[in-house]
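A structural walkthrough
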Amino acid sequence: MRVVVSGSSGLIGSALCRALEGSGHDVVRLVRRTPRPGESSWDPPAGTIDTAGLGRIDGVVHLAGAGIGDRRWSPARRRLLVASRVGTTALLARTLARLDPVPRVLLNASATGFYGDRGDEVLNEESPAGTGFLADLCRQWEQAVAPAAEAGIRSVRLRSGIVLSAAGGALARQLPLFRLGLGGRLGNGRQWTSWVSGEDWVRAALFLLEHDTLAGPVNMVAPEPVTNGVFTSALGRSLHRPAVLPVPATALRVVFGRGLVDEALLASQRVHPVALEAAGFAFRHRDIDTALPAILAG
Ligand SMILES: NC(=O)c1ccc[n+]([C@@H]2O[C@H](COP(=O)([O-])OP(=O)(O)OC[C@H]3O[C@@H](n4cnc5c(N)ncnc54)[C@H](OP(=O)(O)O)[C@@H]3O)[C@@H](O)[C@H]2O)c1
């Protein structure tokens, strides 16, 4: 396949591009700077994409977006989080719908943030959206795919949980403290964390590109979500360090702001990968105790 990838310089995008190329697919990276060979340019704020540079394409994976957990959600940051996801998806979906022929498939990033803060409720792809800024953002992000779906492009909405990788993202940010033995649960630790190994995320994306039957929302999470307390203990064990210094919710709110803390860091989402498992996808990392040592060794 010839696959266009946006956000290709990011944690997931760079791993996905490596895997696609390793599997013999052609990758066109959609970049916001001057393109090099194998790349095409777009300018999301200006609403333009160099479609001539894309050529005839089979699939698109849209991963671009300003980092949700990178900084406090000031009003300006919230606007950027929305524009860089909803705006870019709308631009891409409209553009793809006008191509002749249209690509066969669009995998569009979204997040388990779609479900909001749901306590112990077991969630699957049929579960309704939650409430709050992040849930609203995810809902709009997913709806922005509509022009592509209406044009007959198989459109998959990737509701990713926390992607665990030693190379970056949430896990890599926690590692320095945990390695010093200064790690601990966040808040009361009872909130559910839906996670997926970076390796399984990439394998699932390849599976979704290749399996023509799957469309609509797909939870990109491992089959066994854990509470933050269980995750914290597992990480401490994997690093052979104590992980008993809890970080109080109030301290988190002072540092990261209430929105990011209550809707992302402390939000509880117990999400199951029903669509992927029903389609026959086999996870390599199903439970956190076997996943973490493999991820940390990788
Ligand atoms: N990692 C996770 O745990 C996780 C969990 C749930 C959902 N997701 C979602 O999955 C997608 C990929 O995640 P990731 O962890 O790979 O993210 P990432 O490492 O932050 O990379 C995102 C990429 O998006 C592009 N980008 C950054 N700011 C942008 C802006 N203002 N406008 C347009 N593009 C911008 C950049 O690529 P270029 O410079 O190449 O354009 C960047 O490398 C994101 O949408 C993220 O929200 C990730």
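Above this text is the structure in question.
Here the residue pair Asp100 and Pro101 is connected by a cis peptide bond, since its omega of 0 degrees sits within 30 degrees of zero. Mapped onto the elements, Pro101 comes out in the loop between helix H2 (75-98) and strand S6 (105-111). At His240, a residue that is not glycine, the phi angle is positive and equals roughly 55 degrees. Relative to the helices and strands, His240 resides in the loop between helix H7 (228-239) and helix H8 (249-256).

Take the environment of Phe256 next. Position of Phe256 among the secondary structure elements: in helix H8. Assessed through its relative accessible area of 33%, Phe256 is described here as partly exposed. For the pair Phe256 and Arg71, spaced 185 residues apart in sequence, the C-alpha to C-alpha distance is 6.8 Å. Among all residues touching Phe256, those that are not within four sequence positions of it are Arg72, Val261 and Leu265.

All right, on to the environment of Pro248 then. Examined against the element boundaries, Pro248 turns out to sit in the loop between H7 and H8. Classification of Pro248 by relative accessible area gives partly exposed; the value is 44%. Between the C-alpha atom of Pro248 and that of Ala279, which follows or precedes it by 31 residues, the distance is 40 Å.

Conventions and cut-offs
Along each chain, numbering runs from 1 in the same order as the chain's sequence is written. Confidence filtering applies because this is a predicted model: local features only for residues at pLDDT of at least 70, side-chain atom pairs given and counted only at 80 or more, and all residues used for totals across whole chains, interfaces and linings. To get the side-chain values, take all heavy atoms of the structure and skip hydrogens and water. Strands are runs of DSSP state E lasting at least 2 residues, helices are runs of H or I lasting at least 4, and numbering of each runs from the N terminus. Categorising residues by exposure relies on relative accessible area from a 1.4 Å probe, with only protein chains included: less than 20% of the type maximum marks a residue as buried, more than 50% marks it as exposed, and the intermediate range marks it as partly exposed. Residue contacts are counted whenever heavy atoms from the two residues lie within 4.5 Å of one another.

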